[in-house]
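Inside the fold
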Amino acid sequence: MTDGPVDQNSATDAPTPRRKPKPERTQIGGRELKPSTLMMGHGFDPALSEGSLKAPIFLTSTFAFENAAAGKRHFEGITGQREGGAEGLVYSRFNGPNQEILEDRLAVWDGAEDALTFSSGMTAICILMLAYVSAGDVIVHSGPLYAASEGFVAKVLSKFNVSYIDFPAGASREELDEVLERAKKQASENGGKVAMIYLESPGNPTNALVDIEAVKAARDEHLDYSCPIAIDNTFLGPLWQRPLDHGADIVAYSLTKYVGGHSDLVAGSIAGAKKWMDPVRALRNTMGGIVDPNTAWMLLRSLETVELRMQRAGENAAKVCEFLANHPKVEGLGYLGMIEDARQKDIYERHCLGAGSTFSVFLKGGEAECFRFLDHLVIAKLAVSLGGTETLASHPASMTHLSVPHARRKQLRITDNLVRISIGIEDADDLIADFEQALEHV
């Protein structure tokens, strides 16, 4: 998006603004505006788009340059010959108005300097990791991870002589110290470095929490500061956890989930300081994978209501879990609002702003009992994914985590009697009635 006509006879060496003719207004009378307010207009000026209140969808593959010198400057930024990236819109594999507005608003939620968007959460994670690893390097990661994330590290990156060491989500500082020392030794033997510490908290599907502050302290003591701490915050973000405030460098999302929130799109993002984003942006420019304009526009729509949707879903989940916790056919719950483990409760109280609305329920029995429960749900839909307006239920051991070896699933407590539930914004009492009648068939 340009800022109006350009005088072709004017000096061509000065950078031209991208789409913001004046500084963004994030304060009123010294008061910092909240993210829910900024979602209505941050990063977009209607004057640049014929007065349109909402950003139009910019369906174009390429953008006209103001002049030849501007085109040269933009490509110097895109190719890394000049710091700062492109100063304007260039080509839709690199950037676009809808994507840039979306990235501005996503950065607001996590208090990040910069953000990048992708065609899926896994695209975001894969390009993030590829941007930081070289042959011989080691990735240290928490467990459990989403099966595709774990598989990418163990099965794909291993082809390029990148190895990994994992640790359980609730690991203590002493355990983290030991893991990082092992990782350093392994990297040294392979002629590489510890390239990244990758976390998922809460872990999918058990809701196990990682102590981000302890991970940062261990990283700072044992590793070089060039090793970023990245975290998948999909289960609680952007409302119930702000990992950058607790020591993470990069926060990743499947925007498909709570941010999109309507089960009608697939997208992903990362956010953090610009120094962490630049290597990933450079690789995204080469590989592609940026979110498309239409999906970016839909996500801008969704961001306007993300706080309302997540609050309602969280309230519903608390009521449903209170019912399930007292049901005779329920063996246990992996719900952050009912943590019994002292270590996990301590992490929750320091890191989390809410319990979320996705949890695991352990039924008495095994796969057969879970299947009977799932097959008799009426309101809740039997489907993978989470964070939508509707309630979803699935069986991770036979679905999302089927590719994880049985021994590994057992180690991570992804058992045959675990059902993952994502509560939506329906009436809570109706959901309870649905779960109650489905449990009668177990």
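Below: a short report on this structure. Computed from a predicted structure; not experimentally measured. (Residues numbered from 1 in each chain as written. Predicted model: local features only at pLDDT ≥ 70, side-chain atom pairs only at ≥ 80, totals over all residues. Heavy atoms only, no water.)

Attention now goes to the packing of helix α4 (residues 121–132) against helix α5 (residues 147–156). The contact between α4 and α5 brings their axes to 10 Å, and the two run at 30 degrees. In terms of orientation, α4 and α5 fall into the roughly parallel class. Between α4 and α5 the crossing geometry is right-handed. Taking contact as the criterion, the partners of M122, I125, C126, M129 and L130 in α4 are, on α5, A148, S149, F152 and V153. Across the contact of α4 with α5, the residue classes break down as eight nonpolar, one polar and no charged. (Axes fitted to C-alpha atoms, helices over the stretch in contact; angles between N-to-C directions. Helix = DSSP H or I, 4+ residues; strand = E, 2+ residues; numbered from the N terminus. Parallel < 35°, antiparallel > 145°, perpendicular 65-115°, else oblique. Left-handed = near helix turned anticlockwise from the far one by under 90°. Contact = heavy atoms within 4.5 Å. Nonpolar A, V, L, I, M, F, W, Y, C, P; charged D, E, K, R; others polar.)

Before going further, it helps to examine the packing of helix α3 (residues 97–110) against helix α9 (residues 293–303). The geometry of α3 relative to α9 is characterised by a closest axis approach of 9 Å and an angle of 35 degrees between their N-to-C directions. Relative to α9, the crossing made by α3 is left-handed. For the pair α3 and α9, contact is made by N98, Q99, I101, L102, R105, L106 and W109 and by P293, A296, W297, L299, L300 and L303, respectively. Considering only residue class, the contact of α3 with α9 consists of ten nonpolar, two polar and one charged.

Let us now look at the environment of D346. Its location among the elements puts D346 in helix α11 (residues 342–351). The spatial distance from the C-alpha of D346 to the C-alpha of L308 is 27 Å, given a sequence separation of 38 residues.

Attention now goes to the nonpolar core. Side chains of nonpolar character tend, in soluble globular proteins, to be buried together. Counting 91 residues, the largest nonpolar core has F373 and F435 as the members making the most contacts within it. Among the elements that line this core, the one with the most residues is helix α10 (residues 306–325), at seven residues. Contacts of F373, omitting those with residues within four sequence positions, involve L363, V419, I421, F435, A438, L439 and V442. (Core = buried A, V, L, I, M, F, W, Y, C linked by side-chain atoms within 4.5 Å. Buried < 20%, exposed > 50% of the residue type's maximum accessible area, 1.4 Å probe, protein only.)

We now examine the environment of E76. Looking at the secondary structure, you find E76 in helix α2 (residues 68–78). Among the residues examined, E76 registers a relative accessible area of 23% and is labelled partly exposed. Placed 79 residues apart in sequence, E76 and K155 show a C-alpha to C-alpha distance of 36 Å. Once residues lying within four places of it in the same chain are set aside, the contact partners of E76 are Q81 and R82.

Taken in spatial order, the five strands line up as β10-β11-β14-β13-β12 in an open sheet, and their pairing is mixed. Because the sheet does not close on itself, it has two edges, and the strands there are β10 (330–334) and β12 (381–382). As paired strands, β12 and strand β13 (residues 392–394) are joined by two bridges and run parallel to one another. Residue pairing for β13: K381 is matched across the bridge by L392. (Pairing = 2+ DSSP bridges.)

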